[in-house]
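Descriptive structure summary
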Amino acid sequence: MDVTLRPVPESEYDAFFAHFPAYHAELDAYDPRREPYDIQRGIEAILDDMDGRELLWIEADGRRSGFVMVRLDSDWPDIERTIASIAEFYVFPDARRSGIGTAAVEALLAQHRARGTYLVEASILRDNGPAKEFWARLGFEVHLFQTARRP
Ligand SMILES: CC(C)(COP(=O)(O)OP(=O)(O)OC[C@H]1O[C@@H](n2cnc3c(N)ncnc32)[C@H](O)[C@@H]1OP(=O)(O)O)[C@@H](O)C(=O)NCCC(=O)NCCS
């Protein structure tokens, strides 16, 4: 199977964000805060702050099969280094467990090797067992636990 990443042109932003309700409904189930993600506010906040963001379609044999949203930042204080954070990653339910997610991450890693990116990160909600397994299989190691509480 040929899995490629294609930049999402602005003319396809509506189609891109149309997947957010299903994506966030799935992630909300893993969120220990159990506060549903406010999709409309989330989309507006993304569009207001596009600096360093890259939106990509995952295509498998030319068929749209998921999406990735990456954010590029400097590795403070080593600001000459770039860190690519995978902010959102979604394989459509009917395309799962056939290696598309793995191939998409491998394509992303190859792209960032070529660009000289220092580190590629992915955040996972604590209870998202499938994602933990998925990223671990791809060689991603846990290097931080983020803790939080209400003040
Ligand atoms: C997690 C996700 C991206 C996996 O995509 P995928 O295309 O199905 O992944 P692959 O087919 O490449 O799976 C690779 C390996 O990951 C692990 N994996 C994938 N889905 C899994 C699941 N539901 N349960 C347990 N392990 C899983 C397995 O080890 C799998 O290998 P195997 O199929 O040989 O057992 C997809 O299920 C998804 O989009 N989930 C909802 C959104 C999400 O959680 N995104 C990640 C946010 S950090």
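Refer to the structure above for everything that follows.
Residues numbered from 1 in each chain as written. Predicted model: local features only at pLDDT ≥ 70, side-chain atom pairs only at ≥ 80, totals over all residues. Heavy atoms only, no water.

1. Observations regarding helix 3 (residues 39-48)
Every buried residue belonging to helix 3 is among Gly-42, Ile-43 and Ile-46, and all of these are buried. All buried residues of helix 3 lie within an arc of 95° about the axis, which places them on one face of the element. What points out from helix 3, more than 90 degrees from its buried face, is the exposed set Arg-41 and Asp-48. Summarising the contacts, the buried residues of helix 3 are in contact with helix 1 (13-17), helix 2 (20-28), strand 2 (53-60) and strand 3 (63-75). (Buried < 20%, exposed > 50% of the residue type's maximum accessible area, 1.4 Å probe, protein only. Helix = DSSP H or I, 4+ residues; strand = E, 2+ residues; numbered from the N terminus. Arc of directions from axis to C-beta. Contact = heavy atoms within 4.5 Å.)

2. Re the site of the ligand
In the vicinity of the ligand lie 21 residues, with Phe-89, Arg-97, Gly-101, Thr-102 and Asn-128 positioned nearest. Here Thr-102 contributes a side-chain N or O atom positioned 2.5 Å from an oxygen atom of the ligand. In the model, an oxygen atom of the ligand is placed 2.9 Å from a nitrogen or oxygen of the Asn-128 side chain. In the complex, 81% of the free accessible area of the ligand, which totals 910 Å², lies under the protein chains. For the shell around the ligand, the element with the highest residue contribution is helix 5 (residues 129-137), accounting for six residues. Of the residues assigned to the shell around the ligand, the class counts are ten nonpolar, six polar and five charged. (Near = heavy atom within 4 Å. Polar contact = N/O pair within 3.5 Å; in protein donor to acceptor, adjacent residues only side chain to side chain. Areas by Shrake-Rupley, 256 points an atom, 1.4 Å probe, with all protein chains shown as cover. Nonpolar A, V, L, I, M, F, W, Y, C, P; charged D, E, K, R; others polar.)

3. Some remarks on unusual backbone geometry
Of note, the bond from Trp-76 into Pro-77 is cis; its omega dihedral lies within 30 degrees of zero at 5°. Assignment of secondary structure puts Pro-77 in the loop between strand 3 and strand 4 (78-91). The backbone of Asp-61 shows a phi angle near 50°, a positive value even though the residue is not glycine. Summarising the element assignment, Asp-61 is placed in the loop between strand 2 and strand 3. Residue classification places Asp-61 among the exposed residues on the basis of a relative accessible area of 55%. Look at Arg-97: it is not a glycine, yet its phi comes out positive at around 60°. Residue classification places Arg-97 among the exposed residues on the basis of a relative accessible area of 86%.

These results come straight from atomic positions and should not be treated as a statement about function.
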